[in-house]
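Structural description and commentary
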Amino acid sequence: MQLRYSFRVYPSAGQRMELARAFGCARVVFNDALRVRETARAAGLPFVASGELSKQLTAAKKTPERAWLAEVSSVVLQQSLRDLDTAYRNFFDGLKGKRPRMGAPRFKSKRDTRQAIRFTANAGWKITTGGKLRLPKVGDVAVKWSRSLPLTPSTVTVVKDSAGRYFASFVVETDPETLPDTDGVVGIDLGLTHFAILSDGTKIESPRFLRRAEKRLKKAQRNLSRKAKGSANRAKAQIKVARAHARTADARREFHHQLSTKLIRENQAVAVEDLAVKGLARTRMAKSVHDAGWSAFTAMLEYKAALYGRVFHRIGRFEPTSQVCSACGVQDGPKPLNVREWTCGACGTVLDRDINAAVNVAKAAGLAVSACGARVRPGLVPAQREETGTHSKPRPVTTGRQAGISVL
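Residues numbered from 1 in each chain as written. Predicted model: local features only at pLDDT ≥ 70, side-chain atom pairs only at ≥ 80, totals over all residues. Heavy atoms only, no water.

As for the overall build of the chain
So the rule is basically this: In this text, helices come from DSSP runs of H or I with a minimum length of four residues, and strands from runs of E with a minimum of two, each type numbered from the N-terminal end. For each residue, the accessible area found with a 1.4 Å probe, counting protein chains only, is set against the maximum for its type, and the residue is called buried under 20%, exposed over 50%, and partly exposed in between. For this analysis, residues touch if any pair of their heavy atoms sits within 4.5 Å.
The number of helices and strands found in the chain is 11 helices and 15 strands. By residue count, 41% of the 408 residues in the chain fall in the buried class. By sequence separation, contacts in the chain at least 24 residues apart represent 67% of the contacts at least 6 residues apart.

Right under this line is the structure:
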């Protein structure tokens, strides 16, 4: 499987200028190629092939208007054309139903907060013996290596984010690393008050990184709004706002990585619920939903399970995990969100709403878990109506399916 390794790089002032030139040239080539194809489509002409675009790029370098394209590596420009092909392919696959639908390719702007260029092996880039990243027509860039690469990558992508930071991103083809087998299985119910509730009764508090940083973010945004548009002070204030958001995002990502790695290492199988995050993000809980980052967390669980030889289950979002008693399996209907603890009307078990849902998530995935860890306790079970002697005729026997017992 393919893994991405990202490292922080620290280019000098001159190298930053060369990278800015490369970002701009790649953007111009992308926009020129997109304009050629859109013009052909508007005129009713056939789709312009990639080979024809490459020939036009070579010819454009010899013109006075585009002569400055020769100042950067030609591989960067060719990769920009491949990025356009990928954008069109994803768009057409979405129309055919092969992948989620996405919009048609759009023109790039020099004001985009994220810029990226890619170097392939034939560009001549390499990692020097001194640990620096040698890029063609840029030079040797200092890299902060947080870990070693398992294999020599064939491509490197240099990214500048909205906070003005530079990263070198490597994609490496690696073999799965199987961890020793374990008997643990876990179902996970994701929430807002508690980020994750496990089927063994463990509750993991939500860090709420965005909520904790709101005061600092508001102050930075307020200072930005007071700066004149187009001024140098406004550009500096924009960087401060972006860095404040980047710190929050980095802290959230680190939390997701640590928790997902811990769960994968300790359990042989992990089950989560497929939440409708886009729908929840349109409610009054939108800020808290985005702050939790459920989609990113479940994506980490999925790829780490594949990497370490674990089993990952994603159950349907319409599974009634909060309506079914994990002790007896009776479904007694939906409950408002303010009901955090409820008593099963059939068996009298007192259930914690979140832990009960986590146990049901595991059971819906076919994992062998018991409700003993669901913090249940037997309550006073009322006598059945046929046992009280108030009815002369006995009630018909109710089957398990009629009582709402879920069939796993």
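Here's the deal with the sheet that holds strand E3 (residues 126–127)
Where we set the bar: A pair of strands is treated as paired once DSSP finds two or more bridges between them. Inter-axis angles, ranging from 0 to 180 degrees, are taken between N-to-C directions of lines fitted to C-alpha atoms, where helices are fitted over the stretch in contact.
Spatially, seven strands are ordered E2-E6-E7-E1-E5-E4-E3 in an open sheet, and the strand pairing comes out antiparallel. Pairing within the sheet leaves two strands with one partner each, and these edge strands are strand E2 (115–119) and E3. Set on the sheet, helix H1 (residues 13–42) makes contact with E2, strand E4 (133–135), strand E5 (139–144), strand E6 (156–160) and strand E7 (166–173); between it and E2 the angle comes to about 90 degrees.

A word on the pattern of salt bridges
Filter applied, for reference: Definition used for salt bridges: Asp or Glu carboxyl oxygen within 4 Å of a side-chain nitrogen of Lys or Arg.
Within this structure, the stated rule accounts for 19 salt bridges. For Asp83, the salt bridge is made with Arg118, and the minimal N-O distance between the two is 2.8 Å. Placement of Asp83 in helix H3 (residues 74–96) and of Arg118 in strand E2 is noted, with a sequence separation of 35 residues between them. On the accessibility criterion, Asp83 (29% relative accessible area) is partly exposed. Given a relative accessible area of 22%, Arg118 falls into the partly exposed group.

A closer look at empty space enclosed by the protein
The following threshold applies: With a 1 Å grid spanning the protein atoms alone, the term cavity applies to any set of points in which a 1.4 Å probe fits but cannot get out, the term pocket to an open set with protein on both sides within 12 Å along at least five of seven lines, and the term lining residue to any residue with an atom within 4 Å of a point. Grid points are joined across faces, edges and corners, and a volume is the space filled by probe spheres set on the points. Residues are grouped as follows: Ala, Val, Leu, Ile, Met, Phe, Trp, Tyr, Cys and Pro are nonpolar; Asp, Glu, Lys and Arg are charged; all remaining types, including Gly, are polar.
Tallied over the full model, the rule gives two cavities of 30 Å³ or more. Its boundaries defined by the atoms lining it, the largest cavity holds a volume of some 50 Å³. Together, Glu18, Ala22, Val72, Ser73, Val76, Phe119, Pro136, Lys137 and Val138 line the largest cavity. Partitioning the lining of the largest cavity into residue classes produces six nonpolar, one polar and two charged.

Here's the deal with the sheet that holds strand E11 (residues 269–273)
The strand order across the open sheet built from five strands is E10-E9-E8-E11-E12, with neighbouring strands paired in mixed fashion. Among the strands making up the open sheet, the edge pair consists of strand E10 (203–205) and strand E12 (311–315). For this sheet, the mean angle separating the axes of adjacent strands, direction not counted, is 20 degrees. With four bridges connecting them, strand E8 (residues 185–190) and E11 associate as parallel partners. Counted as the bridge partner of Val185 is Ala269 from E11. Lying over the sheet, helix H6 (residues 232–266) contacts E8, strand E9 (194–198), E10 and E11, oriented at roughly 0 degrees with respect to E9. Packed on one face of the sheet, helix H9 (residues 294–307) meets E8, E9, E11 and E12 and runs near 145 degrees to E12.

Some points on the packing of aromatic side chains
Defined as follows: Aromatic pairing here means that ring centres of Phe, Tyr or Trp (its six-membered ring) are within 6.5 Å. Orientation follows from the plane angle: under 30 degrees is stacked, over 60 is edge-to-face, and everything else is tilted.
Considering all chains together, one arrives at 11 aromatic pairs under this definition. Between Phe47 and Tyr88, the aromatic rings sit 5.3 Å apart at their centres with planes inclined by 80 degrees, giving edge-to-face as the arrangement. Here Phe47, found in the loop between H1 and helix H2 (50–60), pairs with Tyr88, found in helix H3; they are 41 residues apart in sequence, far enough to count as distant. Overall, Phe47 belongs to the partly exposed group, its relative accessible area being 48%. By relative accessible area, Tyr88 is classed as buried at 7%. Between Phe47 and Phe92 the ring centres are 6.3 Å apart and the planes differ by 70 degrees, which places this aromatic pair in the edge-to-face class. With Phe47 in the loop between H1 and H2 and Phe92 in helix H3, the pair connects residues that are 45 residues apart, well separated along the chain. For Phe92, a relative accessible area of 34% gives the class partly exposed.

Considering the nonpolar core
Our working rule: In plain words, nonpolar cores are sets of buried Ala, Val, Leu, Ile, Met, Phe, Trp, Tyr and Cys residues tied together by side-chain atoms within 4.5 Å.
Grouped together as the largest cluster of nonpolar side chains are 66 residues, with contacts concentrated most on Ile117, Phe119, Leu135, Ile188 and Leu301. The greatest single-element share of this core, amounting to 10 residues, is contributed by H1. Beyond its immediate sequence surroundings of up to four residues, Ile188 is in contact with Ala196, Ile197, Leu198, Leu263, Val270, Ala271, Val272, Glu273, Leu301, Ala358 and Val361.

A word on the environment of Val361
Relative to the assigned elements, Val361 resides in helix H10 (residues 353–364). Expressed as a C-alpha distance, the spacing of Val361 and Val270, which sit 91 residues apart in the sequence, is 9.7 Å. Once residues lying within four places of it in the same chain are set aside, the contact partners of Val361 are Gly187, Ile188, Ala271, Val272, Glu273, Ile315 and Thr321.

Here we look at the confidence of the model for the chain
The condition that has to hold: Scored from 0 to 100, pLDDT records how confident the predictor is in each individual residue.
Of all residues in the chain, 90% have pLDDT values of 70 or greater, and the mean over the chain is 86. pLDDT under 50 marks residues 372–408. Its contacts with residues more than four places away, or in other chains, come to 48 contacts.

Some points on the side chain of Ser169
We count it as follows: Two N or O atoms form a polar contact when they lie within 3.5 Å of each other; inside protein one atom must be a possible hydrogen donor and the other a possible acceptor, and for residues adjacent in sequence the pair counts only when both atoms belong to side chains.
Structurally, Ser169 can be placed in strand E7. Within the local environment of Ser169, its side chain forms a polar contact with the side chain of Arg4, the two groups lying 2.6 Å apart. Contact partners of Ser169, with chain neighbours within four places excluded, come to Arg4, Tyr5, Ser6, Thr155, Val156 and Thr157.

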